[in-house]
Amino acid sequence: MRQVLRIAWQSIKENRKGLLGWSIGVLALVLLTVLFYPAMRGQEEFNDIMKDMPDALKALMGAEDLVSPVGYLNSQLFQMMLPALFLIFAIGRGGEWIAGEERKGTLEMLLANPVSRARVVAERSVALAVMVVLLGVVLFAGVAGGAALVGMEIGIYELLAACLALTLLAVAFGEIGLFLGAFTGKKSLSVGITSAIAVAGFLLATLAPVVDVLEPFEKYSPFYYYLGNNPLINGVDLLHTIVLIAIALVATVAAAAGFERRDLAT
Amino acid sequence: MAASGAEAIVTTGLTKFYGKNRGIEDVSLHVAKGEVFGFLGPNGAGKSTMIRLLLDLIRPSRGAAQIFGRDTHADSVAIRRSLGYLPGEPAWNPDLTGAELLDFYAGLRERHDSSYRTELAERLDLDLTRRMGQLSRGNKQKVGLVQALMHKPDLILLDEPTSGLDPLVQHEVLTVLREAATEGRTVFLSSHVLSEVEHVADRVGIIREGRLAVVETIERLKSRALRSIDIRFGRAVPAGAFEGLPGVKEVTVREAFAHFTVEGSIDALVKAASQFEVLDIVSKDADLEEIFLTYYRNDEASA
Ligand SMILES: Nc1ncnc2c1ncn2[C@@H]1O[C@H](COP(=O)(O)OP(=O)(O)OP(=O)(O)O)[C@@H](O)[C@H]1O
Ligand SMILES: [Mg+2]
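All values derive from a computational prediction rather than experimental measurement. (Residues numbered from 1 in each chain as written. Chains lettered and ligands numbered in written order. Predicted model: local features only at pLDDT ≥ 70, side-chain atom pairs only at ≥ 80, totals over all residues. Heavy atoms only, no water.)

On to the overall build of chain B, then. Counting secondary structure elements, chain B contains ten helices and 14 strands. Reported as C-alpha extents along the three principal axes, the dimensions of chain B are approximately 75 × 40 × 35 Å. Counting every position in chain B, which comprises 303 residues, the buried fraction comes to 49%. Contacts spanning at least 24 positions in sequence make up 70% of the contacts within chain B whose residues lie at least 6 apart. Surface exposure of chain B reaches about 13,700 Å², of which carbon and sulfur atoms provide 48%. Charged side chains of chain B number 37 positive and 44 negative; the gap between the two group centres comes to 4 Å. (Helix = DSSP H or I, 4+ residues; strand = E, 2+ residues; numbered from the N terminus. Buried < 20%, exposed > 50% of the residue type's maximum accessible area, 1.4 Å probe, protein only. Contact = heavy atoms within 4.5 Å. Areas by Shrake-Rupley, 256 points an atom, 1.4 Å probe, with all protein chains shown as cover. Lys, Arg positive; Asp, Glu negative; His and termini not counted. Charge placed at Lys NZ, Arg CZ, Asp CG, Glu CD.)

Here it is in structure tokens:
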């Protein structure tokens, strides 16, 4: 494995401190949130407050129900907080690994070796996926462990499905960032556009169920394939999983093609 | 012309424009295997552009290049297996030590010789256990050199390899390059300092505003060399006495002192001077620096 995926391995190794920092951050957030759950349990009046809110706001916050274990986890973590964190991490890596390093000049050093540009893109997209998966494992362990500590009733399989969907969503956006960086050679442009797509996608997917004009476009948002099926309740949706993986793969192939065709910047 | 098998580098009409900006234009060049070729030019002349084209980091606007008979774009990965490259401004992750970095590259290259790497580091007085971020500019440059040389590549492309190095280390680097050439490997190095390649290169190419102005062996360049002659006479001499002498390019007479720039033989000048009382003659070989400038001056005059 290390023989073949040397660039991927090296990329992960060089980013291990960053990954550790993010893991600690995610773990702390998740544990604090889950450990706070007992204070929320049985406080049905919170749900009464939500009832009077406009539908769009309810949709954005992710739940009409803030009190059940699934409602609590969705509204506090999986709806907005975790996607924001995971996407920032993945999009940052995606923008850095071709465009960022190109600007710094370190990519030129790498490309002086007998490695094709397609290989660099492929290995870095693998490294990106591996790092996001590791962050996803930390997330899963944090929620599962915290839930066990406070006796929060949550299906392990469904939790796994939600963590998987989130991981795949972040990988997909990371690879889109990689693609834009590889295509343009500009990191800030890549991060900016990918983040804008993410925000638009989030709004589209969450508001579409309550805003009639948006409804037909729901399926164009990558977020639909993350939360559309509510994995914390319904578990893995095979089709949605495949769509997210397909987005990541297409973005990676496009990144290789976009990188191959142009000059490396100085 | 030798068969392509004997050529390390062949470029034909190689041209690169960055949008409207000229990089290099119509560069046709042959570099033989085992040769040390100095690629010279002032800032912005196109040296880095040329080297980055050979590495397929950038793509030509026109023309093509071959290395060891293979197209630099189509066969880029195969070519890079037998290539070592030092960019003009090498950059690395500051958290890695020199050794970690070299290990990584060695793994990508398959072919590498750790005893030669150790030898190079020792000869350049380089500590590979320190992090790149802690190294001085010169020491970073040394890591770049070791990186370019450690796997004993057949072709070594170096963009201003001795910049930032102290004279002793500079000398050692040139010695290493000379050794590589003796072993049949080819060295292509760029520089703006002629004195730097003078002792190591077999031939030099001078590039100016993107165009290859001169390709010459060092000896030929020197035989075309200009010489600067100062003569002190016993009394004031008329400038007219030295006008139009063969080989004399420049005459400056200030009373009893005269300064001449002569190309080739100084015979005519000495004979003309002998009609006056000569107290002293100082003759200096023009170094490549001056030859280089002359080429430019001639070029400008004809343009
Ligand atoms: N990425 C680029 N975009 C636009 N113009 C460029 C680019 N790279 C180089 N140039 C231009 O091409 C010309 C040649 O540049 P190059 O870097 O090859 O010169 P050089 O001989 O290496 O100079 P130096 O001695 O300063 O390193 C310069 O006029 C430069 O401005
Ligand atoms: Mg340069």
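So, about the site of ligand 1. Residue and element names in this part refer to chain B. Ligand 1 sits among 15 residues. The nearest are G44, G46, K47, S48 and T49. N21 places a side-chain nitrogen or oxygen 3.4 Å from a nitrogen atom of ligand 1. Residue T49 places a side-chain N or O atom 2.5 Å away from an oxygen atom belonging to ligand 1. Sorting the residues of the shell around ligand 1 by element identifies β2 (21-32) and α1 (47-54) as the ones contributing at least two each. By residue class, the composition of the shell around ligand 1 is three nonpolar, nine polar and three charged. (Near = heavy atom within 4 Å. Polar contact = N/O pair within 3.5 Å; in protein donor to acceptor, adjacent residues only side chain to side chain. Nonpolar A, V, L, I, M, F, W, Y, C, P; charged D, E, K, R; others polar.)

We now examine the packing of helix α6 (residues 69-78) of chain A against helix α7 (residues 81-104) of chain A. Residues and elements named next belong to chain A. Here α6 crosses α7 at 40 degrees, and the two axes come no closer than 5 Å. Classed by the angle they form, the pair α6 and α7 counts as oblique. The segment α6 lies against α7, with Q76, L77 and F78 engaging M81, L82 and P83. Across the contact of α6 with α7, the residue classes break down as five nonpolar, one polar and no charged. (Axes fitted to C-alpha atoms, helices over the stretch in contact; angles between N-to-C directions. Parallel < 35°, antiparallel > 145°, perpendicular 65-115°, else oblique.)

A cluster of nonpolar side chains, contributed by A:V126, A:V130 and A:L134, occupies part of the molecular surface with about 200 Å² of accessible area. Residue placement: A:V130 occurs in helix α9 (residues 117-150). (Patch = residues over 30% accessible without salt bridge, like charges linked within 9 Å, V, L, I, M, F, W, Y side chains within 5 Å. Salt bridge = Lys/Arg side-chain N within 4 Å of Asp/Glu carboxyl O.)

The next thing to look at is α7(A). All names here are of chain A. Along α7, the helix axis deviates most sharply at E96, where the bend reaches about 50 degrees. Of all 24 residues making up α7, 18 are buried, and the element is well covered by its neighbours. Phi turns positive, to about 100 degrees, at G105, one or two residues after α7. (Bend = angle between axes of the 7 residues up to and from the residue.)

Bringing the environment of B:L245 into the picture now. Residues and elements named next belong to chain B. Relative to the assigned elements, L245 resides in the loop between β11 (226-233) and β12 (248-254). Each C-alpha atom of the pair L245 and L269 lies 6.7 Å from the other, and the pair is 24 residues apart in sequence. With residues near it in sequence (within four places) discarded, L245 still touches A268, L269 and A272.

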